[in-house]
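# Understanding the architecture of this molecule
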Amino acid sequence: MSTTTGPPAVDAAGDPPSAATPAAPTPSAAPGRPRRTSAQLRAGAARRLTRARRRTVVRTGRLVRRAVHAWRSSLQLRVGAITMLVAGVLVVIVSLVLFRQISDQLLGAKRQAAVDQSLAGVQYAQTEVGGIATGDSASIRITLSRTVENLRSRGGAAGDFDVVMVYLSGDAPRPASSRPDIYPAIPDDLRAEVAGGAQAYRYAPVPDRDGEPVPTLLVGAPVPTDGSGGDRLELYFAFPLEQEQESLEGIRSTVVITCAVLTLFVAGIGVLVTRLVVDPVRRAAGSAQRLAEGHLEERLAVRGEDDLARLATSFNAMADSLQRQITQLEGLSQLQQRFTSDVSHELRTPLTTVQMAAAVLHEAREDFDPAVARSAELLRAELDRFETLLSDLLEISRYDAGAAVLEAEAQDLVPVVHRVVEGMGALAARHGCDLQVTTPPVPVIAEVDVRRVERVLRNLVGNAIEHGTGKPVEVSLAASASAVAITVRDHGIGLTPADAQHVFDRFWRADAARVRTIGGSGLGLSISLEDARLHGGWLQVWGLPGQGAQFRLTVPMTAGGELTSSPLPLRPPFLTPPRSRS
């Protein structure tokens, strides 16, 4: 028993009864929606993340495939990209070398000026601090501070700077500096070199007045004094490199912008030059494609006298030659088709008259001598064969003229196969051949031209009977979802691979000395191949000497369908192994 739930009853005012109206549920306790646990939420989030990653991978793969296709299909893109890459590498290398040279020259000039100023400062300090070792601590501090201030006020060619003087008596250094945070920033290795009596310099970050580290050139040198014992005096100059850093950053930005512009400019030139070459080639390729499609009047415009102009001239000459030859061949083909059709039609009337006379003679052959009676029979048989030949010539001329039309309709092919086999029974009996038919137990409905399919089967079965040397002939029918196949297998003399390439040629015989025993015209397999192609199907052959041959007809299940495979194999699944010669 099922129940149906609907909305609550509404009163005349349009409001539901208050007794039946429950309290509005909170979002966390919505009816019919159980709360999800943290594990479920994490699992849902993981699934969404997985789907997002999968979509990202798919989109990335699609973009990569498009990029690869564009790279492989566009010569202009490849030349432009390679030109940009090579130009970019060269420009970057040259820019780095130039930037390094500019930086070295700028810093070298700064360093030389700083060293010269340091030497001048040492000489000045030496005159100011003479006899400092004999004074007390207060006088030493005053002397150092005065010297630092005097050095600071003297200025120099190296730009803005700060000064630090250090008096070392024993292990307790007494520094005096223009700013208190400079002395702790002096590197230990610079102090060690100066303590060894050498002038030295280092690049190190030194805090500015706001406490921000600034690249600084530090130059230190010992100051000779008159004191004795272990007293030493060291002088350090700190030259901030803010201006040099700003100059180098400006130069770096200019170099980067110049590199990018120059690379794009070179790449643009490469693309432009490539386009000048590729565009005529593309036009030639398009003209060649249209020429291959049958537009024989297609030509290229000739501009100038360069290599591309010679290419266009050669192409036009080739197109003119092809047009003349194809026109001649078309004329000869039309003449041949008209001749075949006219001869076939013109022979119809005398053939009908001769057939009527031959029929009269054939009916009265019992009143003739045996030799004359046999001649009447032969005359009747050859006239029938001649009529078949004329019919085949007319049919093949229709195919050559493109006038053949497929009249497809849905038909069950099982009775068609049986009808053809029964019709060939008398011929098979005369040759002592057994016809074996294998068909599905259910109807095989396909959209085909029954008249043409029957003609193909009659040709294949008759050919198998003629070359089967009295051995059984197997006819099989099978179908798939998209195709229908019929095979005709004989166990006669077989075919070589060379014979298989010519078996559908007109009037071709594997053995030219062999006489046809069933009165064929020599056009049966050629017409059968055209019938198969008219259906959009295949007619194929397999054969081995001494193992017989097998023909396979495959047509689409629906008219206009496309074939991708056949329900029956072309090569028989079971073959008799060749006998070994003792």
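Residues numbered from 1 in each chain as written. Predicted model: local features only at pLDDT ≥ 70, side-chain atom pairs only at ≥ 80, totals over all residues. Heavy atoms only, no water.

Notably, Thr469 is not glycine yet its phi reads approximately 55°, a positive angle. Along the chain, Thr469 turns up in the loop between α10 (450-467) and β9 (473-479). (Helix = DSSP H or I, 4+ residues; strand = E, 2+ residues; numbered from the N terminus.)

Attention now moves to the sheet that holds strand β3 (residues 200-207). The strand order across the open sheet built from five strands is β2-β1-β5-β4-β3, with neighbouring strands paired in antiparallel fashion. Edge positions in the sheet fall to β2 (172-177) and β3, since each has one partner strand and no second. Adjacent strand axes in the sheet meet at a mean angle of 25° when their direction is disregarded. Judged from the six bridges that link them, strand β1 (residues 162-169) and β2 form a sheet pairing that is antiparallel. Bridging across to β2, Val164 finds its partner in Ser177. (Pairing = 2+ DSSP bridges. Axes fitted to C-alpha atoms, helices over the stretch in contact; angles between N-to-C directions.)

With 18 residues, helix α3 (residues 137-154) should cover 26 Å at 1.5 Å per step; its first-to-last C-alpha distance of 26 Å lies within 8% of that length. All of the buried residues in α3 are Ile140, Thr143, Leu144, Thr147, Val148 and Leu151. Projected onto a plane normal to the axis of α3, the buried residues spread over an arc of 130° and lie on a single side. Away from the buried face of α3 by more than 90 degrees, exposed residues Arg141, Ile142 and Ser153 are located. (Expected span 1.5 Å × (residues − 1). Buried < 20%, exposed > 50% of the residue type's maximum accessible area, 1.4 Å probe, protein only. Arc of directions from axis to C-beta.)

Let's shift gears to the nonpolar core. By size, the foremost hydrophobic cluster in this structure holds 41 residues, and its most contacted members are Leu435, Ile465, Leu477, Val484 and Phe504. For this core, the leading source of residues is α10, giving eight residues. (Core = buried A, V, L, I, M, F, W, Y, C linked by side-chain atoms within 4.5 Å.)

As a further point, take the layout of surface pockets. To find the voids left in a structure, one rolls a probe of water-molecule size over its atoms. What the second largest pocket holds in volume is close to 280 Å³. At the level of secondary structure, the elements contributing two or more residues to the lining of the second largest pocket comprise β3, β4 (213-222), β5 (232-240) and α5 (242-292). Among the elements that line the lining of the second largest pocket, the one with the most residues is α5, at three residues. Looking at the lining of the second largest pocket residue by residue, the class counts come to seven nonpolar, three polar and nine charged. (1 Å grid on protein atoms, 1.4 Å probe; cavity = no way out; pocket = protein on both sides within 12 Å on 5 of 7 lines; lining within 4 Å. Points joined across faces, edges and corners; volume = space filled by probe spheres on them. Nonpolar A, V, L, I, M, F, W, Y, C, P; charged D, E, K, R; others polar.)

Let us look at the packing of aromatic side chains. Aromatic ring pairs are defined here through the distance separating the ring centres and the angle between the ring planes. Going through the model one piece at a time under the given rule, you end up with five aromatic pairs. Aromatic side chains Tyr201 and Tyr203 sit 6.3 Å apart centroid to centroid with 80° between the ring planes, which places their arrangement in the edge-to-face category. Relative accessible area serves as the criterion here: at 35%, Tyr201 is assigned to the partly exposed category. Ring centres 6.1 Å apart and planes at 85° place the aromatic pair Phe504 and Phe551 in the edge-to-face group. Linking Phe504 in the loop between α11 (497-502) and α12 (524-534) with Phe551 in strand β12 (residues 548-556), this pair joins segments that are 47 residues apart in sequence. (Phe/Tyr/Trp six-rings, centres within 6.5 Å; stacked < 30°, edge-to-face > 60°.)

Close inspection of predicted coordinates is inappropriate in any region flagged by low pLDDT. When pLDDT is averaged across the protein chain, the result is 80; 84% of the residues are at 70 or more. Scored below 50 in pLDDT, residues 577-582 makes two contacts in the model with residues more than four places away or belonging to other chains. (pLDDT = per-residue confidence, 0-100. Contact = heavy atoms within 4.5 Å.)

Now for the sheet that holds strand β11 (residues 538-544). As summarised here, the arrangement of the five strands in space is β7-β9-β10-β12-β11, forming an open sheet in which the pairing is mixed. Looking at the sheet topology across the chains shown, the edges are occupied by β7 (435-438) and β11. Sheet twist, expressed as the average angle between the axes of neighbouring strands with direction ignored, equals 15°. When β11 meets β12, the two strands line up antiparallel, connected through seven bridges. Residue pairing across strands places Leu539 opposite Leu553, the latter belonging to β12. The strands touched by helix α8 (residues 413-423) within the sheet are β7, β9 and β10 (483-490), with β9 carrying the most contacts at an inclination of about 170°. Sheet strands touched by α12: β11 and β12. Its angle to β11, the strand with the most contacts, is close to 135°.

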